[in-house]
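# Survey of secondary and tertiary structure
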Amino acid sequence: MALRNSSLLETLVYGPAPESDSTARAWIDQHERRFGLFINNQWVHPEGREYTDTCSPADNTSLAAICEGTAEDADVAVQAARTAFTSWSKTSGHERAKFLYAIARQMQKHQRLLAVVESMDNGKPIRESRDADTPLCVRHFYYHAGWAQLMDSELPQYRPVGVISQVIPWNFPLLMLAWKIAPAIAMGNTVVLKPAPSTRLSALLFAEIVLAAGLPPGVVNILPGGNDLGFALVNHPDVDKVAFTGSTGVGRLLRQSTAGSGKKLSLELGGKSPFVVFDSCDIDSAIEGVVDAIWYNQGQVCCAGSRCLVQENIYDRFMHKLRRRMNNLRIGGPLDKCVDIGAINSKRQLDTIAGYVEEARASGAEVIQSTAPLPEGDGFWFPPTVIANVQPTSKCVVEEIFGPVLTVLTFRHPKEAIALSNNTAYGLASSVWTQDISLALDVAFQIRAGVVWVNCHNMFDAAAGFGGYKESGYGRESGKEGLKEYLEFKWKGVVRRSFTDEQKAAPWGADTPPAIELPSAGSARGQSVDKTYKMYIGGKQSRPDGQYSRTIRSPSGAMVGEVGEGNRKDIRNAVEAAHKAAPGWGKRAAYNRSQILFYIAENLDARFEEFAKRIASMTGESIESARNVRVASSCHLHLDRKNYNALLLENSKRKSARGVRDCVVW
């Protein structure tokens, strides 16, 4: 009778279901709300260091004070990692697997604590950190423990790289840590990791899990700090590889910093992923897909489906359902188990998101926002937002907003959808929504993105490779391909180059043509028939746009020849020619491509002596050594015809498997 007279059945309002944070706060109190640096399996509090508060985005209150590492601390951590690498790299794969299994089990034992700390520090709903982030972290350590055991048999030609510097972002602090540390230590490397300045608690909690698992000292080191510490780790001369996840702008700086140093580099950067909805889709499923694509983690996801492309004939129906679903999303404290949208990570990010939305509104776009009330207090909240009636060139469509903001455009036919999808500087991920399997596969393989999901979005697994193209970075995380980011061939020499301060201060990418050097009248070069070495662009030879030439000299200083000096326009022409040729070349049969390679190899054979003499004159090597270079390069092209059919069949199988694993996830 009481329930019948209640208004509950009429309003169906969700009551609060708070997750207790008492265990998490007790852990913080055990450290007296003051954390140091984790170096060589010890908590270190160097004298004279500053301590910065890490705050909860839900109410902007301080959770703990954390030590800010410096370049001096980076030296100590890298040295500890280098010392540990000597023994850790020689440890058997089965022994390393024991430690990874131990870490995975320790994470499972404290999975709830990890989830609560993650939500408190980051602002994401507890449902996401509890049901998605932490289970996937555990999965990564179990998965890579298996690969540690298989390294000797499956990857016998590889060896660990060495000391790895890893810099992770604030949107998935714990998950990014697992993505990077698990494969690195599984392959025998040692790690110095720097968490993001605003989200460091879960990384420090992981340090205690490392201790509990008994990992040898120095294998994993965790240094909180700011941008200066990050660049100190990147530029450290004893670091062998840099792994970075973050913004495209910082990725460019890291590429410049490591260029020519001999360090390996992998970058997982930003994205502006298309979410392509065809009229043959299940619209209700696509609407739920939008929720997962753009409002998961408040849209603070590098592969968020922030560009929704809807076929024109279902646009009105799609938008009606989307608006209704958006208004039903619940916004509130991250520790409330009934909440869909948590807090934005920081005030700075909140202002950035609001700035993009207001600029779109001022430019005449239709801005639709959720009618759900925002929590009161000092937290950082932003409602789920849809921006419609925008152009493909609008700022909110082109640039990564990194918030719960969806832009919606329309298209009429699949070719237009593909063109709009690829009309971006990024290439991280995408999703295609249709019940027509032929259409799905055709479109998926034409979208230039590292991962294309079909009828789903943000689906991850430790066994599936993930990474981007273009300004979304390069390199892969997870899967077998992700292991190779932390391996190098055993025959490869270790190259370390250092640069002077003057060289580092030189303008990046400055195009200064060399001074002209004319051959002397009596030189052999002057007596021979002049040869013009042009550029090869678009299937033909072309002269350089800048009309400059560069002199090529041998190690002894003798003039070998002159080649055209390329400029930015030549690069543009070459890239445009490559893009134009890519669709046709990619659709050629493997047999046809192999015949072209055979033809190139046969022509190399015919000009054997000419190539050998050129190599010898440019490098100073003996003619015999130059001939060996030619033989090695020719072997890459001129395959033994006896094994050709078997190799072709194997490559076709790999291509099919790669398409299912990397490009289309059902």
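This is a predicted model, so every value here is computed, not measured.

Looking only at helices and strands, the protein chain features 25 helices and 25 strands. Relative to its 666 residues, the protein chain shows a buried fraction of 48%. Excluding contacts between residues fewer than 6 apart, the proportion of contacts in the protein chain whose partners are at least 24 apart in sequence is 74%. Accessible area for the protein chain stands at about 32,000 Å²; split by element, carbon and sulfur atoms hold 53% of it.

Another aspect to go through is the side chain of E477. In this fold, E477 is placed in the loop between β19 (473-474) and α18 (479-483). There is a polar contact of 2.6 Å between the side chain of E477 and the side chain of K180.

What follows deals with the pairing of strand β24 (residues 559-564). For a regular strand, the rule is simple: side chains alternate between the two faces of the sheet. By the bridge criterion, five bridges tie strand β23 (residues 549-553) to β24 in an arrangement that is antiparallel. Across the sheet, the residue bridging to R550 is V563, located in β24. Connecting the antiparallel pair β23 and β24 is a turn made up of five residues, with G557 showing a positive phi of about 100 degrees.

Centre distance and the angle of the planes are the two values used to describe a pair of aromatic rings. Taken as a whole, this structure holds 16 aromatic pairs when the rule is applied. Summarising the aromatic geometry, the rings of Y158 and F489 are spaced 4.7 Å apart at their centres and angled 25 degrees between planes, so their arrangement reads as stacked. Here Y158, found in strand β6 (residues 158-160), pairs with F489, found in strand β20 (residues 487-489); they are 331 residues apart in sequence, far enough to count as distant. Given the relative accessible area of 11%, Y158 is considered buried. The ring of Y469 has R476 sitting right over it, with the charged end atom 4.9 Å from the ring centre.

Summed over the entire model, instances satisfying the criterion amount to 30 salt bridges. With a shortest N-O distance of 2.9 Å, E19 and R112 are connected by a salt bridge. Of this pair, E19 sits in the loop between α2 (8-11) and α3 (22-30) while R112 sits in helix α6 (residues 111-122); the two residues are 93 residues apart in sequence, bridging distant segments of the chain. A salt bridge links K241 to E485, with the shortest nitrogen-to-oxygen separation between them at 3.7 Å. Of this pair, K241 sits in strand β10 (residues 241-245) while E485 is found in the loop between α18 and β20, placing the two residues 244 residues apart along the sequence. For the pair K241 and E485, a shared accessibility class is recorded, and that class is buried. By sharing partners, the salt bridges in this structure join E19, R112 and K337 into a single network.

One finds M107, F141, F206, W295 and F318 to be the most contacted residues of the largest nonpolar core, which totals 115 residues. Looking at this core element by element, the count peaks at 11 residues for helix α8 (residues 173-186). In this structure, V276, A365, F411 and V452 belong to the second largest nonpolar core, which totals 31 residues.

On to the confidence of the model for the protein chain, then. Considering every residue of the protein chain, the mean pLDDT works out to 89; 87% of them sit at 70 or more. Considering only residues more than four positions removed or in separate chains, one finds that residues 634-646, a stretch of pLDDT under 50, has 19 contacts. The low-confidence segment residues 655-666, where pLDDT is below 50, has 32 contacts with residues more than four positions distant or belonging to other chains.

Bringing helix α16 (residues 414-421) into the picture now. Given 3.6 residues per helical turn, the α-helix brings residues three or four places apart onto the same face. Looking at α16, one finds that the buried residues are A417, I418, L420 and S421. Viewed along the axis of α16, the buried residues span an arc of 165 degrees, placing them on a single side of the element. Along its buried surface, α16 packs onto β12 (274-277), β13 (307-311), β16 (405-411) and α17 (437-444).

One can describe the packing of helix α7 (residues 126-154) onto α8 by two numbers: an axis separation of 9 Å at closest approach and a directional angle of 5 degrees. Taken as axis vectors, α7 and α8 run roughly parallel relative to one another. On α8, the residues that touch D133, T134, L136, C137, H140, F141, H144 and A148 of α7 are L174, L175, A178, W179, I181, A182, P183 and A186. Considered class by class, the residues forming the contact of α7 with α8 number 12 nonpolar, three polar and one charged.

The subject of this paragraph is the pairing of strand β11 (residues 264-268). With five of its five residues buried, β11 lies for the most part within the structure. Along β11, one buried face is formed by K264, S266 and E268 and the opposite face, lined by L265 and L267, is buried too. Pairing geometry for β10 and β11, over five bridges, is parallel. By the bridge assignment, F244 is partnered in β11 with L267. Since β10 and β11 lie parallel, the crossover through helix α11 (residues 248-258) that links them has a hand, and here it is right-handed. Relative to β19, β11 runs antiparallel, the two being bridged by two bridges. If you follow E268 over to β19, its bridge partner there is G473.

What follows concerns the state of the cysteines. Counted by the stated rule, this structure contains zero disulfides. A disulfide-free cysteine, C303 has its sulfur positioned 4.6 Å from the sulfur of C302, the nearest such atom. Here C303 falls in the buried class, since its relative accessible area comes to 1%.

With that settled, the discussion passes to the environment of Q42. Within the secondary structure layout, Q42 lies in strand β3 (residues 42-44). Among the residues examined, Q42 registers a relative accessible area of 51% and is labelled exposed. With 176 residues separating them along the chain, Q42 and G218 place their C-alpha atoms 9.2 Å apart.

Moving on, we get to the side chain of S472. With respect to the helices, strands and loops of the structure, S472 is situated in the loop between β18 (451-454) and β19. There is a polar contact of 2.7 Å between the side chain of S472 and the backbone oxygen of G270. Here the side chain of S472 touches L428 through a polar contact of 3.2 Å, landing on its backbone nitrogen. Apart from residues no more than four positions distant in its own chain, S472 is found in contact with L267, E268, L269, G270, G271, Y426, G427 and L428.

Rules used throughout
- Residues numbered from 1 in each chain as written.
- Predicted model: local features only at pLDDT ≥ 70, side-chain atom pairs only at ≥ 80, totals over all residues.
- Heavy atoms only, no water.
- Helix = DSSP H or I, 4+ residues; strand = E, 2+ residues; numbered from the N terminus.
- Buried < 20%, exposed > 50% of the residue type's maximum accessible area, 1.4 Å probe, protein only.
- Contact = heavy atoms within 4.5 Å.
- Areas by Shrake-Rupley, 256 points an atom, 1.4 Å probe, with all protein chains shown as cover.
- Polar contact = N/O pair within 3.5 Å; in protein donor to acceptor, adjacent residues only side chain to side chain.
- Pairing = 2+ DSSP bridges.
- Phe/Tyr/Trp six-rings, centres within 6.5 Å; stacked < 30°, edge-to-face > 60°.
- Lys NZ or Arg CZ within 6 Å of the ring centre and 35° of its normal.
- Salt bridge = Lys/Arg side-chain N within 4 Å of Asp/Glu carboxyl O.
- Core = buried A, V, L, I, M, F, W, Y, C linked by side-chain atoms within 4.5 Å.
- pLDDT = per-residue confidence, 0-100.
- Arc of directions from axis to C-beta.
- Axes fitted to C-alpha atoms, helices over the stretch in contact; angles between N-to-C directions.
- Parallel < 35°, antiparallel > 145°, perpendicular 65-115°, else oblique.
- Nonpolar A, V, L, I, M, F, W, Y, C, P; charged D, E, K, R; others polar.
- Right-handed = clockwise from strand over helix to strand, strands pointing away.
- Disulfide = S-S within 2.5 Å.

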